[in-house]
Amino acid sequence: MSRLVVVSNRVADPRKAAAGGLAVALGDALNTMGGLWFGWSGVVIADGTPGDGALHQQKAGNVTLATVDLCAEDHAGYYLGYSNGVLWPVCHYRLDLARFDAGYFGAYQRVNRLFARHLLPLLRSDDIIWIHDYHLIPLADELRALGAKQRIGFFLHVPLPPQQVLAAIPQHEWLMRALFAYDLVGLQSQADLQNFSHYVQAEAGAEALGDHYYRAFDRTVQAGAFPIGIDVDEFAALTHAKDARDMYERMKGEYSRRQLLLGVERLDYSKGLPQRVRAFKALLKKYPDNLRSATLIQIAAPSREAMDTYTGLLQELESLCGAINGDFGELDWMPVRYMHRNVARKRLPGLYRVARVALVTPLRDGMNLVAKEFIAAQDPADPGVLVLSRFAGAAEQLEQALLVNPYDTDGMADTIQRALQMPLQERQSRYQALLNNIRAQDVHWWRKRFLAALAAATRG
Ligand code: GDG
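The rules behind the values
- Residues numbered from 1 in each chain as written.
- Predicted model: local features only at pLDDT ≥ 70, side-chain atom pairs only at ≥ 80, totals over all residues.
- Heavy atoms only, no water.
- Helix = DSSP H or I, 4+ residues; strand = E, 2+ residues; numbered from the N terminus.
- Buried < 20%, exposed > 50% of the residue type's maximum accessible area, 1.4 Å probe, protein only.
- Near = heavy atom within 4 Å.
- Polar contact = N/O pair within 3.5 Å; in protein donor to acceptor, adjacent residues only side chain to side chain.
- Areas by Shrake-Rupley, 256 points an atom, 1.4 Å probe, with all protein chains shown as cover.
- Nonpolar A, V, L, I, M, F, W, Y, C, P; charged D, E, K, R; others polar.
- Domains from an automatic or database assignment.
- Pairing = 2+ DSSP bridges.
- Axes fitted to C-alpha atoms, helices over the stretch in contact; angles between N-to-C directions.

1. Here we look at unusual backbone geometry
One non-glycine residue, Arg292, lies in positive phi territory at about 65 degrees. Structurally, the position occupied by Arg292 is in the loop between helix 10 (273-286) and strand 12 (294-301). By relative accessible area, which is 42% here, Arg292 ends up partly exposed. Of note, the phi angle at Arg304 is positive, near 40 degrees, even though the residue is not glycine. Within the element layout of this structure, Arg304 appears in the loop between strand 12 and helix 11 (308-328).

Right, dumping it as structure tokens:
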């Protein structure tokens, strides 16, 4: 059996529970096939040389973790700059937030080249290589330039926007050409796949060979939609473990007379947090039966705090939440509880389970795993309701959620009211259908489908 090599910006020790679902799932595959996980060490060397960084290797069971340090200039340009200041906003349709600084691109190229240089000597000829996400689009091309002949697949965790949006990236043609160095490009949704197909044909004059094979630049690549899932069993086990149960009991006691609404995410402008809080305010205004009752708990875990766009968002959110509490709150009822803090992963399921309604309303999201985790944590006898943005990749699969347009404040308020009033029987039947879906298409299904498609992809 071939060995699996996973490459991603960050590397996690799959043996540690805190690593989260994706790390566990990939670690599982790495353990079974034997493997290597390669990425940035998380270390930034203040006075290091651009394009240079030490390689570290460590064994974690059957898996080798290989990581590379970055110097401060490369970290700023590659990670904060090009990856999160250009590609992240553009992939989330936010051209207004993109900073097209030429220096960023240089650092992005440099770091991908540095990774290729360190990775190549670690590779075996029959390895299967799986590269993840927007930080590393050109890595296969860099590896090919150094002579790598192995099968290489790419999975994009974020959305792939339409041609006219992508084309705003000054280097978009270069990035697209780099995608043709892969044997398989995996996307989250059918919508992303359509955008890919249209983009490569319109911008590169790629020939569509059928079965989502495309030929351009003398190379052939296959594309496909591989919606990522969660490890439902692992999450169910977390839900029934002590930490989550304690959290559930505590919250249940504290909020016994209230209807809880819950939002959980990294504080990111793609997640539609201000829009959600405005919809909650509209709910309180339009449906006053919710006063003294409906309570929104919003967890906004700190993320990319070194970037200005994120600081502005934090201030906006704090002032919105403060204003609602000021305008609507009572001495014994605070409508919004907002936390700019990380909640321990083992406690999260308890919070999901106590919520009557989950508000998962991103403006744009590759998939959104919180929606799936919420379902996995519910009590089948008394399940909560998922309110989900139609612009999350998950909306293609989770049809029995209540789908909303996060830009439509009033419409969202109406849907939240419907969720709060939903009769038990309807909640149960929607929950069952959703659970069947996340079970059938879980993270193991995702990983196996992708690796099988990569192994079967015709090369050329
Ligand atoms: C990217 C794409 C795609 C959140 N807050 C806390 C916390 N979390 C955990 C959740 C969940 C994960 O983080 C978030 O996953 P999402 O999928 O919702 O979003 P992104 O982080 O933006 O992930 C996304 C995903 O990649 C996978 O392909 O679905 O579209 O943007 O697992 O539980 N975990 C803890 N404390 C928190 O406060 N412990």
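2. Digging into the site of the ligand
Around the ligand sit 22 residues in total, of which His157, Val343, Asp365, Leu369 and Glu373 are the nearest. In the environment of the ligand, an oxygen atom lies 3.0 Å from a nitrogen or oxygen atom belonging to the side chain of Gln188. Between the ligand and Asn342, the relevant distance is 3.5 Å, taken from a nitrogen atom to a side-chain nitrogen or oxygen of the residue. Contact with the protein chains covers 85% of the free accessible surface of the ligand, which is 720 Å². Broken down by secondary-structure element, the contributors of at least two residues to the shell around the ligand are strand 11 (259-266), strand 12, helix 12 (348-354) and helix 13 (369-376). No other element matches helix 13, which puts three residues into the shell around the ligand. When its residues are assigned to classes, the shell around the ligand shows 12 nonpolar, five polar and five charged. Both domains that furnish three or more residues to the shell around the ligand are identified here as domain 1 (4-229 + 443-456) and domain 2 (232-439).

3. Notes on the side chain of Gln378
Within the element layout of this structure, Gln378 appears in the loop between helix 13 and strand 15 (385-389). In this structure the side chain of Gln378 is engaged in a polar contact, spanning 3.0 Å, whose partner is the backbone oxygen of Phe374.

4. Comments concerning the sheet that holds strand 15
On the basis of which strands lie adjacent, the open sheet formed by six strands has the order 13-12-11-14-15-16 and parallel pairing. At either margin of the open sheet sits one strand with a lone partner, and together these are strand 13 (336-339) and strand 16 (402-404). Taking the axes of each pair of neighbouring strands and ignoring which way they run, one obtains an average angle of 20 degrees across the sheet. The pairing of strand 14 (residues 357-360) with strand 15 spans four bridges and is parallel.

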